[in-house]
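Residue strings, one per chain:
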Amino acid sequence: SPTSIAGVYAVMIETGLNKTDTGKLILTACFVCDLGTVAALGVLFANYNVLLVLFAVTTVIVLVFFTRVLKSVVRLFGHAVSEPEVKFVFLMLFLLGGLAAAAKSAAVLAAYLLGLVAAGAFPKDPRMIGRIRGTAFSLCTSFVFTRAGTLFVLQSVNKGFVRVFLLVSLTLVAMGVSWYL
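Just so it is clear, the structure is predicted and the values come from calculations on it, not from any experiment.

Undergrad: Looking at this structure, how should I read the nonpolar core?
TA: General note: in soluble globular proteins, nonpolar side chains tend to be found buried as a group. Counting residues in hydrophobic clusters, the biggest one holds 23 residues, and the most contacted among them are Phe55, Val62, Phe66, Leu70, Phe88, Met92 and Leu114. Look past the residues within four positions of Phe55 in its chain and what remains in contact with it is Leu96, Leu99, Ala100, Ala103, Ser105, Ala106 and Ala110.

The following block contains the structure:
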């Protein structure tokens, strides 16, 4: 699910469709669907323990203060060559990702929520958007796809071929209907 937003986002940005009403609607739909999928899977498959509570509390604290602290980092350091604002964003992502991994929870959920909270700060700073986008697509996407590939089990697809086929077909039909509307 999270890879669909990466693919759709890349195509939208490259073609400029992200600036159209339809493009914005498609990006919003992908984001909401992926966020819902990640949240549902996180709840279903979470390892409920003390580390999960620590992860949840830390995530809430980071989300509450993230935008204000990010604006302060930009105000204090500006856009230095060392890119402290980009390092700060990735520090928060890695902090939450590390806690999520320790708690055996979905780190992607924290990344989605952090992006949602940061949406108010990023549009005002196109330079930072470009730097984070460049870093994320050139570095992080490779790790996501590599990790996803290691989790792929061909025997599971063979066993559940009919279900996989039906789900993919349903997704394609839904995409076609939403595009038509």
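Undergrad: Looking at this structure, how should I read a nonpolar patch on the surface?
TA: Residues Val53, Val57, Val60, Ile61, Val64, Phe65 and Val69 make up a contiguous nonpolar surface patch of roughly 590 Å² in combined accessible area. Turning to its location among the elements, Val64 is positioned in helix 3 (residues 50-77). Judged by relative accessible area, Val64 falls into the partly exposed class, the value being 46%.

Undergrad: For this particular structure, what's the right way to read the packing of helix 4 (residues 84-102) against helix 5 (residues 107-118)?
TA: How two helices sit against one another is set out by the angle between their axes and by the gap between those axes. Look at helix 4 against helix 5: their axes get within 8 Å of each other, and the N-to-C directions meet at 150°. With respect to each other, helix 4 and helix 5 are oriented roughly antiparallel. Relative to helix 5, the crossing made by helix 4 is right-handed. Between helix 4 and helix 5, the contacting residues are Val89, Met92, Leu93, Leu96, Gly97 and Ala100 on the first element and Ala107, Ala110, Ala111 and Leu114 on the second. A class-by-class count of the residues in the contact of helix 4 with helix 5 yields nine nonpolar, one polar and no charged.

Undergrad: I would appreciate a short explanation of the packing of helix 2 (residues 21-45) against helix 5 in the present structure.
TA: Interhelical geometry of helix 2 versus helix 5 gives an angle of 140° and a closest axis separation of 9 Å. Between helix 2 and helix 5, the crossing angle belongs to the class labelled oblique. Taken as a pair, helix 2 and helix 5 cross one another with a handedness that is left-handed. Residues Phe31, Asp34, Leu35, Val38 and Ala39 of helix 2 form the contact with helix 5, whose own contacting residues are Val108, Leu109, Tyr112, Leu113 and Leu116. Taken together, the residues of the contact of helix 2 with helix 5 sort by class into nine nonpolar, no polar and one charged.

Undergrad: When you look at the environment of Thr37 in this model, what are you seeing that I'm missing?
TA: Along the chain, Thr37 falls in helix 2. With 72 residues separating them along the chain, Thr37 and Leu109 place their C-alpha atoms 9.5 Å apart. Among the polar contacts made by the side chain of Thr37, one reaches the main-chain carbonyl oxygen of Cys33 at a distance of 2.9 Å.

Undergrad: Which parts of the structure should I look at to understand unusual backbone geometry?
TA: Working note: non-glycine residues mostly have negative phi, and peptide bonds are mostly trans. The phi torsion at Lys104 lies on the positive side, around 55°, for a residue other than glycine. Mapped onto the secondary structure, Lys104 falls in the loop between helix 4 and helix 5.

Undergrad: Where do I start with helix 3 in this structure?
TA: A turn of α-helix holds 3.6 residues, and therefore any two residues three or four places apart point the same way. At Phe66, helix 3 shows its maximal kink, close to 50°. Listed in full, the buried residues belonging to helix 3 are Leu52, Phe55, Thr58, Thr59, Val62, Leu63, Phe66, Thr67, Leu70, Val73 and Val74. Looking at the residues trailing helix 3, positive phi occurs at Gly78, about 65°.

Undergrad: Is there a simple way to think about the packing of aromatic side chains in this case?
TA: For any pair of aromatic rings, the description rests on two quantities: the centre-to-centre distance and the angle between the ring planes. For the coordinates displayed, the defined rule picks out three aromatic pairs. Consider the rings of Phe90 and Phe94, whose centres lie 6.1 Å apart with planes at 35°: the pair is tilted. Residue Phe90 and its partner Phe94 are both found in helix 4; the two are separated by four residues, about one turn of the helix.

Undergrad: Help me out: how do you make sense of the side chain of Thr58 in this one?
TA: Topologically, Thr58 is positioned in helix 3. According to the relative accessible area criterion, Thr58 is buried, its value standing at 16%. Of note is the side chain of Thr58, whose polar atom sits 2.7 Å from the backbone oxygen of Leu54.

Undergrad: Is there a simple way to explain helix 2 in this structure?
TA: The terminal C-alpha atoms of helix 2 lie 36 Å apart, and with 25 residues this matches the ideal 36 Å at 1.5 Å per residue to within 8%. Looking only at helix 2, the buried set comprises Gly23, Leu27, Cys30, Asp34, Leu35, Val38 and Gly42.

Basis of the calculations
- Residues numbered from 1 in each chain as written.
- Predicted model: local features only at pLDDT ≥ 70, side-chain atom pairs only at ≥ 80, totals over all residues.
- Heavy atoms only, no water.
- Core = buried A, V, L, I, M, F, W, Y, C linked by side-chain atoms within 4.5 Å.
- Buried < 20%, exposed > 50% of the residue type's maximum accessible area, 1.4 Å probe, protein only.
- Contact = heavy atoms within 4.5 Å.
- Patch = residues over 30% accessible without salt bridge, like charges linked within 9 Å, V, L, I, M, F, W, Y side chains within 5 Å.
- Areas by Shrake-Rupley, 256 points an atom, 1.4 Å probe, with all protein chains shown as cover.
- Salt bridge = Lys/Arg side-chain N within 4 Å of Asp/Glu carboxyl O.
- Helix = DSSP H or I, 4+ residues; strand = E, 2+ residues; numbered from the N terminus.
- Axes fitted to C-alpha atoms, helices over the stretch in contact; angles between N-to-C directions.
- Parallel < 35°, antiparallel > 145°, perpendicular 65-115°, else oblique.
- Left-handed = near helix turned anticlockwise from the far one by under 90°.
- Nonpolar A, V, L, I, M, F, W, Y, C, P; charged D, E, K, R; others polar.
- Polar contact = N/O pair within 3.5 Å; in protein donor to acceptor, adjacent residues only side chain to side chain.
- Bend = angle between axes of the 7 residues up to and from the residue.
- Phe/Tyr/Trp six-rings, centres within 6.5 Å; stacked < 30°, edge-to-face > 60°.
- Expected span 1.5 Å × (residues − 1).

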